[in-house]
Amino acid sequence: MAEIKADTTHQHNVSVPEDDVPVQKLQKPKRVASLDIFRGLTVALMILVDDAGGEWPMIGHAPWNGCNLADFVMPFFLFIVGMAIALALKRIPDQLGAIKKVILRTLKLLFWGLLLQGGFSHAPDELTYGVDMKEIRWCGILQRIALAYLVVAVLEIFSRDSQVEDLPPGWFSIFKLYFWHWIVGAGVLVVYLAALYGTYVPDWQFIVQNKDSINYGKSFNVACGVRGNLDPPCNAVGYIDRKVLGLSHMYRHPAWRRSEACTENSPYEGPFRKDAPSWCYGPFEPEGILSSISAILSTIIGLHFGHVLIHLKGHQERLKHWISMGSVLVVSGIILHFTDGGNRVSKRATILLYFWVDISNFRYVFLPLEWIGMNAMLVYVMAAAGIFAGFVNGWYYDDPHNALIYWIKKHIFIGVWHSRRVGILLYVIFAEILFWSIVSGILHRLGIYWKL
């Protein structure tokens, strides 16, 4: 289980807690506020796109091709995880102790991922709990983070013996110091591209298992018989998940249901077209196996940015390296037809936040996001996963829709603005993101944090 800890010193560092480091070696570094703010921004974006994306599809996940605001959230998370690994593990001298800590944290992430996205919790709208184990969803956001964290953290631990405090001169010296990281990253990329373009995808069929669908129990066939196809029904990502995970353990409401091929209301959700292809009714796992393997590379890039923060002591040196590498990644992304949009944006966001917060001292402007970032797991569980709203909705009068959450949405936001779209957007910004930033700020003052 995650731990809720009280710290009366109000010194909360990215590095590991005191009990992991001998007292005589403990020297608490200055906390990198921009990393907390970036983490808080990412959690806030997740709440925004999840709860307002249905009314504002331009900020929700792209149905397939394209890159909307929601598509940046996962790359942001992975990038932050990579930076945090560099900052935290550098202060654990015991290799075996570091490995134990990494494995324990991975198991905690998997536990919470299965609990929140595996089907046990149905918050905030369905006041039920539990899942048929034949239909549990194995993959999810925290599960993907757990995989990337485990691989990159272990890589960092085993390659740490060759690290030095003072780098030799030269822009590439830091790359040479961590060359094994880039070899693994290149290997991940090769495996991903080889599987994506080399896997033969045969025809497949499925039975609609969504009990709320009028097609429940109906069987559909999807014709493929291709190799290297990147369209929704016949790509290698979905094929591998269907074979390894099984159709009954995959996500049943993929974003492709909002595509023009499936619904006339695209990009909004709506009834399927009469001529909608069969795959529109099928499942697809957005956090599946092959795409989660590729996520390791995003985490390695974040790890490198963390190493820059550690080894380069001056602000100017750090910014020069980050901007140079960010520019290379931008050009690479353009060459690859914007297929790495989320990663490019995460580098820019990190550089800007570091400049504004840690160099220009505009930290107070971002305090609400910093507070969320300090208690990111709490806000993720309670707000992004809907646990708090589900609890409040559990107390209603006569009808489940006569609950406080529904009343606030209807009368304070939607009713005042006479617009469901505007009302929902403002509700998410003020009643969720701002509310939880205030709660996080109070907990910060009390020195209470939920840590994995």
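Scroll up to find the structure.
Residues numbered from 1 in each chain as written. Predicted model: local features only at pLDDT ≥ 70, side-chain atom pairs only at ≥ 80, totals over all residues. Heavy atoms only, no water.

Asks: Quick question: what am I supposed to make of the overall build of the chain here?
Replies: Tallying secondary structure elements over the chain gives 15 helices and 6 strands in all. For the chain, the proportion of its 452 residues judged to be buried stands at 50%. The long-range fraction of contacts in the chain, counting pairs at least 24 apart against all pairs at least 6 apart in sequence, stands at 71%. (Helix = DSSP H or I, 4+ residues; strand = E, 2+ residues; numbered from the N terminus. Buried < 20%, exposed > 50% of the residue type's maximum accessible area, 1.4 Å probe, protein only. Contact = heavy atoms within 4.5 Å.)

Asks: Help me understand the packing of aromatic side chains in this model?
Replies: Between two aromatic rings, the relevant description is the distance of the centres plus the angle of the planes. Counted under the stated rule, the structure contains 23 aromatic pairs. Taken together, the ring pairs connect Phe38, Phe72, Phe76, Phe79, Phe305 and Trp322 into an aromatic cluster. (Phe/Tyr/Trp six-rings, centres within 6.5 Å; stacked < 30°, edge-to-face > 60°.)

Asks: Hey, could you run me through helix α8 (residues 289–311) in this one?
Replies: One turn of the α-helix equals 3.6 residues, which is why residues spaced by three or four share an orientation. For α8, built from 23 residues, the straight-helix expectation of 33 Å at 1.5 Å per residue is met to within 8% by its first-to-last C-alpha distance of 34 Å. The buried fraction of α8 amounts to 19 of the 23 residues, a majority that puts the element mostly inside the structure. (Expected span 1.5 Å × (residues − 1).)

Asks: Can you walk me through the nonpolar core in this structure?
Replies: For soluble globular proteins, nonpolar side chains are generally found buried alongside one another. If you look at the biggest cluster of nonpolar residues, it comprises 95 residues, and the most contacted ones within it are Ile47, Ile85, Trp112, Leu142, Ile145, Tyr380 and Val428. When residues in this core are grouped by element, the largest group, 13 residues, is from helix α2 (residues 73–89). Non-local contacts of Leu142, meaning those with residues more than four positions away in its chain, are made with Leu109, Trp112, Gly113, Leu116, Gln117, Met377 and Tyr380. With 22 residues, the next largest nonpolar core counts Ala195, Val201, Ile240 and Phe284 among its residues. (Core = buried A, V, L, I, M, F, W, Y, C linked by side-chain atoms within 4.5 Å.)

Asks: Can you walk me through the state of the cysteines in this structure?
Replies: The bond known as a disulfide is covalent and runs between the sulfur atoms of two cysteines. All chains considered together, the criterion is met by 2 disulfides. Two residues, Cys224 and Cys234, share a disulfide whose sulfurs are 2.1 Å apart. Disulfide Cys224 to Cys234: torsion about the S-S bond roughly -85°, handedness left-handed. You can see Cys224 sitting in the loop between β4 (219–222) and β5 (226–227) and its partner Cys234 sitting in the loop between β5 and α7 (236–244), a full 10 residues away along the chain. According to the relative accessible area criterion, Cys234 is buried, its value standing at 7%. Sulfur-sulfur distance for the disulfide between Cys262 and Cys280 comes to 2.0 Å. Because the torsion about its S-S bond is -85°, the bridge between Cys262 and Cys280 counts as left-handed. With a gap of 18 residues between them, Cys262 in the loop between α7 and α8 and Cys280 in the loop between α7 and α8 connect regions that are remote in the sequence. (Disulfide = S-S within 2.5 Å.)

Asks: Just to check I follow, could you spell out the packing of helix α14 (residues 404–417) against helix α15 (residues 420–446) for this structure?
Replies: For any two helices packed against each other, the geometry is given by the interaxial angle and the distance between the axes. For the pair α14 and α15, interaxial distance at closest approach is 8 Å and the crossing angle is 125°. The angle between α14 and α15 places the two elements in the oblique class. The way α14 lies across α15 gives a crossing that is right-handed. Between α14, through Ile405, Ile408, Lys409, Phe413, Ile414 and Trp417, and α15, the contact on the second element is made entirely by Arg420, Val422, Gly423, Ile424, Leu426, Tyr427, Phe430 and Ala431. (Axes fitted to C-alpha atoms, helices over the stretch in contact; angles between N-to-C directions. Parallel < 35°, antiparallel > 145°, perpendicular 65-115°, else oblique. Left-handed = near helix turned anticlockwise from the far one by under 90°.)

Asks: Looking at this model, I keep getting lost on the packing of α2 against helix α4 (residues 141–158). Mind explaining?
Replies: Interhelical geometry of α2 versus α4 gives an angle of 35° and a closest axis separation of 10 Å. Seen along the crossing, α2 lies across α4 with a hand that is right-handed. Residue-level contacts link Met74, Phe77, Leu78, Val81, Ile85, Ala86 and Leu89 of α2 to Ile141, Arg144, Ile145, Ala148, Tyr149, Val152, Ala153, Glu156 and Ile157 of α4. Class assignment for the residues of the contact of α2 with α4 results in 14 nonpolar, no polar and 2 charged. (Nonpolar A, V, L, I, M, F, W, Y, C, P; charged D, E, K, R; others polar.)

Asks: Whenever I open this one, the side chain of Ser278 confuses me. Can you help?
Replies: Here Ser278 shows up in the loop between α7 and α8. With near-sequence residues (within four places) excluded, Ser278 lies in contact with Phe206, Phe220, Asn221 and Val222.

Asks: Explain α14 to me, please; I cannot follow it from the model alone.
Replies: With 14 residues, α14 extends 19 Å between its outermost C-alpha atoms, agreeing within 8% with the 20 Å of an ideal straight helix rising 1.5 Å per residue. The largest bend along α14 measures about 30° and falls at Lys410. Those residues of α14 that sit buried are Ile405, Phe413 and Ile414. Here the buried face of α14 lies against α13 (387–393) and α15. Among the residues trailing α14, His418 stands out with phi positive, at a value near 50°. (Bend = angle between axes of the 7 residues up to and from the residue.)

Asks: I keep staring at the pattern of salt bridges and nothing clicks. Help me out?
Replies: Any two side chains of opposite charge can pair, so long as their charged atoms come close to each other. Evaluation of the coordinates by the stated rule reveals 7 salt bridges. Across the salt bridge formed by Glu55 and Arg420, the nearest N and O atoms sit 3.0 Å from each other. Taken together, the residues Glu55 in the loop between α1 (33–52) and α2 and Arg420 in helix α15 connect sequence positions 365 residues apart. A network of salt bridges, in which partner residues are shared, links Arg137, Glu285 and Glu287. (Salt bridge = Lys/Arg side-chain N within 4 Å of Asp/Glu carboxyl O.)

Asks: Quick question: what am I supposed to make of the pairing of β4 here?
Replies: Regular strands show a simple pattern: their side chains alternate between the two faces of the sheet. Burial along β4 is one-sided: Phe220 and Val222 are buried, and none of Ser219 and Asn221, which face the opposite way, are. Here strand β3 (residues 204–207) pairs with β4 via 4 bridges, running antiparallel. Bridge pairing in β4 places Trp204 opposite Val222. (Pairing = 2+ DSSP bridges.)

Asks: What is the right way to look at a nonpolar patch on the surface in this model?
Replies: A cluster of nonpolar side chains, Leu352, Phe355, Trp356, Phe362, Tyr364 and Val365, forms an exposed patch at the surface whose accessible area comes to about 610 Å². Mapped onto the elements of the fold, Phe362 is located in the loop between α10 (341–359) and α11 (367–374). (Patch = residues over 30% accessible without salt bridge, like charges linked within 9 Å, V, L, I, M, F, W, Y side chains within 5 Å. Areas by Shrake-Rupley, 256 points an atom, 1.4 Å probe, with all protein chains shown as cover.)

Asks: What is the right way to look at the environment of Ala383 in this model?
Replies: Examined against the element boundaries, Ala383 turns out to sit in helix α12 (residues 376–384). On the basis of relative accessibility, which here comes to 6%, the residue Ala383 falls in the buried class. Residues Ala383 and Phe435 lie 52 residues apart in sequence; the distance between their C-alpha atoms is 9.8 Å. Non-local contacts of Ala383, meaning those with residues more than four positions away in its chain, are made with Ile47, Asp51, Glu432 and Trp436.

Asks: Looking at this model, I keep getting lost on the environment of Leu312. Mind explaining?
Replies: When you line up the elements, Leu312 lands in the loop between α8 and α9 (315–335). With 138 residues separating them in the primary sequence, Leu312 and Ile174 have C-alpha atoms 9.4 Å apart.

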